[in-house]
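Spelled out, the chains give:
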Amino acid sequence: MLEVKGLKVNYGAIKAVRGVDFDVQDGEIVTLIGANGAGKSTIVKTISGLLRPVEGTITYENRSLTHLSASHIVGAGIAQVPEGRHIFAGLTVMENLKMGAYLVPRNEQADTLADVFDRFPVLKERSSQDAATLSGGEQQMLAMGRALMTRPKLLQLDEPSMGLAPIYIQKIFDIIKTINSQGTTVLLIEQNALQALEIANRGYVVANGVIKLAGTGKDLLANPEVQKAYLGG
């Protein structure tokens, strides 16, 4: 579904991503794990068209994304839940969700909204509430629901567990598994390596802008280097 080859991305003189190769197959959960500043978020922002690569290619369903705008990439079927959620404060939960549906035909938005409410009942209960008054976990659900309003084939999740209470962390990972089981491919960016690798089909360890290790989620969980660096082993 997605193939990234030779990806290099700079922030001015800073080489944030130094030549990354990985792929995501249809129906998988693939995770990129690594320390803060490793380049993980830069990779997904570049896939989403928010950053431009210096070198390399990004191919999605045999179509190059490298020079497409962010809106065209959303239209192609890729949605991103950004790090820090970035919900629209001052707008209601319903208004936030509708912001995600701007590319969906009006006659299909009601069904899409119903699907989101089935997945996140709390959003339906609080649909008229200012989004800024939700808890952190509820805001994360709203950010995920807003992305799902685009009806993505590939959902990119950037640090979905960041800053959440443990009870919400488990809920979010359960929701990710459910979303995937219902047909959406997932690219998951996480510092919580244990949770991410437990649900991932495959994973890549990113360090200093390059891929250091790759394997199945199970294999990486058992890898001594991963255990020492990311799992407290």
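Calculation rules
Every chain is numbered on its own, with residues counted from 1 as its sequence reads. Owing to the predicted nature of the model, reporting of local features is limited to residues with pLDDT of at least 70; listing and counting of side-chain atom pairs is limited to 80 or more, with chain, interface and lining totals taken over all residues. Only hydrogens and water are set aside when side-chain values are computed; all heavy atoms of the structure are taken into account. Secondary structure elements follow DSSP: runs of H or I of four or more residues count as helices, runs of E of two or more count as strands, with numbering from the N terminus. Just to be clear, the radius of gyration here is over C-alpha atoms, and the globule rule we use is 2.2 Å times residues to the power 0.38. Relative accessibility decides the category of a residue: with a 1.4 Å probe and only protein chains considered, values under 20% of the type maximum give buried, values over 50% give exposed, and everything between is partly exposed. Residue contacts are counted whenever heavy atoms from the two residues lie within 4.5 Å of one another. We get accessible surface area from the Shrake-Rupley algorithm with a probe of 1.4 Å; when it comes to residues, only the shown protein chains can shield them. Residues counted as positive are Lys and Arg, residues counted as negative are Asp and Glu, and His and the chain ends are not counted. Every charge is mapped to an atom, namely NZ of Lys, CZ of Arg, CG of Asp or CD of Glu. Think of it this way: DSSP has to see at least two bridges between two strands before they count as a pair. Note on method: axes are straight lines fitted to C-alpha atoms, helices fitted across the in-contact stretch only, with angles between N-to-C directions ranging 0 to 180 degrees. The scheme is simple: roughly parallel for angles under 35 degrees, roughly antiparallel for over 145, roughly perpendicular for 65 to 115, oblique for anything else. Left-handed describes a crossing whose near helix is turned anticlockwise from the far helix through less than a right angle; right-handed describes the clockwise counterpart. All residues other than Ala, Val, Leu, Ile, Met, Phe, Trp, Tyr, Cys, Pro, Asp, Glu, Lys and Arg, Gly among them, are scored as polar; the first ten of these are nonpolar and the last four charged.

Q: Is there a simple way to think about the overall build of the protein chain in this case?
A: A tally of helices and strands in the protein chain yields 10 helices and 10 strands. Expected size for 233 residues packed as a compact globule is a radius of gyration near 17 Å; at 17 Å, the protein chain falls within 12% of this value. Reported as C-alpha extents along the three principal axes, the dimensions of the protein chain are approximately 45 × 40 × 35 Å. The buried share among the 233 residues of the protein chain stands at 50%. Within the protein chain, contacts between residues at least 6 apart in sequence are counted, and of these 67% link residues at least 24 apart. Carbon and sulfur atoms provide 50% of the accessible area of the protein chain, an area that totals close to 10800 Å². Computed over 23 positive and 23 negative side-chain charges, the separation of the two mean positions in the protein chain equals 4 Å.

Q: Any chance you could explain the sheet that holds strand β2 (residues 14-24) here in plain terms?
A: Backbone-to-backbone hydrogen bonds pair the strands of a sheet. The strands run either parallel or antiparallel. Taken together, four strands build an open sheet; the order of strands is β2-β1-β4-β5 and the sheet is antiparallel. Bordering the open sheet on either side are β2 and β5 (63-64), each of which pairs with just one other strand. Sitting on the sheet, helix α1 (residues 40-47) touches β1 (2-11), β2 and β4 (55-60), and the angle it makes with β1 is about 115°.

Q: For this particular structure, what's the right way to read the side chain of Gln-195?
A: Take Gln-195: it is sitting in helix α8 (residues 193-199). If sequence neighbours within four positions are ignored, Gln-195 has contacts with Ile-169, Gln-170 and Phe-173.

Q: Please explain the packing of helix α6 (residues 136-148) against helix α7 (residues 166-181) as it appears in this structure.
A: Any two packed helices are characterised by the angle at which their axes cross and by the distance between the axes. For the pair α6 and α7, interaxial distance at closest approach is 10 Å and the crossing angle is 15°. Relative to α7, α6 is oriented roughly parallel. Regarding α6 and α7, the two cross each other, and that crossing is right-handed. In this structure, α6 uses Gly-137, Glu-138, Gln-140, Met-141, Met-144 and Leu-148 to contact α7, whose residues at the interface are Tyr-168, Lys-171, Ile-172, Ile-175, Ile-176 and Ile-179. Tallied by class, residues from the contact of α6 with α7 come to eight nonpolar, two polar and two charged.

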